[in-house]
Amino acid sequence: MTRKAVSIYMAMTCATAIVVPGRFAIGIIFAFEALFIYFFCTLFRCLLNILKMKQVVSVLMCVFIVSMTIIFKQLLILFMPQTAMQLSFVLYLPAISSFSTAFLFEDEKFSFVDDIKNTISPAVVFSIYMIITTLFRDIFGYGTLTFPAPRKMIEIVLFPENYVFAGSFIATIPGALIFSAVFLCFFLGVENKFHILSRAGVQK
């Protein structure tokens, strides 16, 4: 993935985390969704490469990504109908980020295994960030720890209500916005430092 693709993907990942409810159970759901979409889209893209359909790959990939998102939403409706209704259109945000990065790779030929690794890695990054973010917001914003379960969401109360009131800002959208902005600035700063060091090493 190019540096531009990495920057765009992380920006979209942080933006997605802002509107996602700050519950650890929701973070787990979105992590599964990202892995689900990226895995099957990678297989589909490999199939298109085998069939040599590069001229229509963008259109077909767009349709396929939306289809995979719809399938995942239907599975979530069967597993947790109330949560699926609550999330609504938010479930389509990982599809947007996955489509934006699926075609920002350098035009190189990789083996099937390498293609899987290169394409799944953004999904792993998205999943880790979403889990960490929602875990932090769930614990310090709501004072709870939640887990997905059939037809419900398991909630474990960790802190009393007076503590939750003091830290509830992190559970709000403005709190998530500040958290995501700080993380994105930190990530881009570190990524830029590594890029400078890498160029310095090449020049030597």
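Caption draft 1: The arrangement of unusual backbone geometry in detail. The phi dihedral of Ser88 falls on the positive side, at around 50°, and the residue is not glycine. One non-glycine residue with positive phi stands out, namely Arg151, at about 65°. Its location among the elements puts Arg151 in the loop between strand E1 (144-149) and strand E2 (152-157). Arg151 sits in the exposed class, given a relative accessible area of 57%.

Caption draft 2: Representation of a nonpolar patch on the surface. Taken together, Leu35, Val124, Ile128 and Ile132 make up a surface patch of nonpolar side chains, about 330 Å² in accessible area. When residues in the nonpolar patch are grouped by element, the largest group, 3 residues, is from helix H6 (residues 112-142). You can see Ile132 is positioned in helix H6.

Caption draft 3: Examining the pairing of E1 more closely. Here 6 bridges tie E1 to E2, and the two strands are oriented antiparallel to one another. Looking across to E2, one finds that Pro148 is bridged to Met153. In sequence, E1 turns back onto E2 through a hairpin of 2 residues, with Arg151 there showing a positive phi of about 65°.

The rules we used
Residues numbered from 1 in each chain as written. Predicted model: local features only at pLDDT ≥ 70, side-chain atom pairs only at ≥ 80, totals over all residues. Heavy atoms only, no water. Helix = DSSP H or I, 4+ residues; strand = E, 2+ residues; numbered from the N terminus. Buried < 20%, exposed > 50% of the residue type's maximum accessible area, 1.4 Å probe, protein only. Patch = residues over 30% accessible without salt bridge, like charges linked within 9 Å, V, L, I, M, F, W, Y side chains within 5 Å. Areas by Shrake-Rupley, 256 points an atom, 1.4 Å probe, with all protein chains shown as cover. Salt bridge = Lys/Arg side-chain N within 4 Å of Asp/Glu carboxyl O. Pairing = 2+ DSSP bridges.

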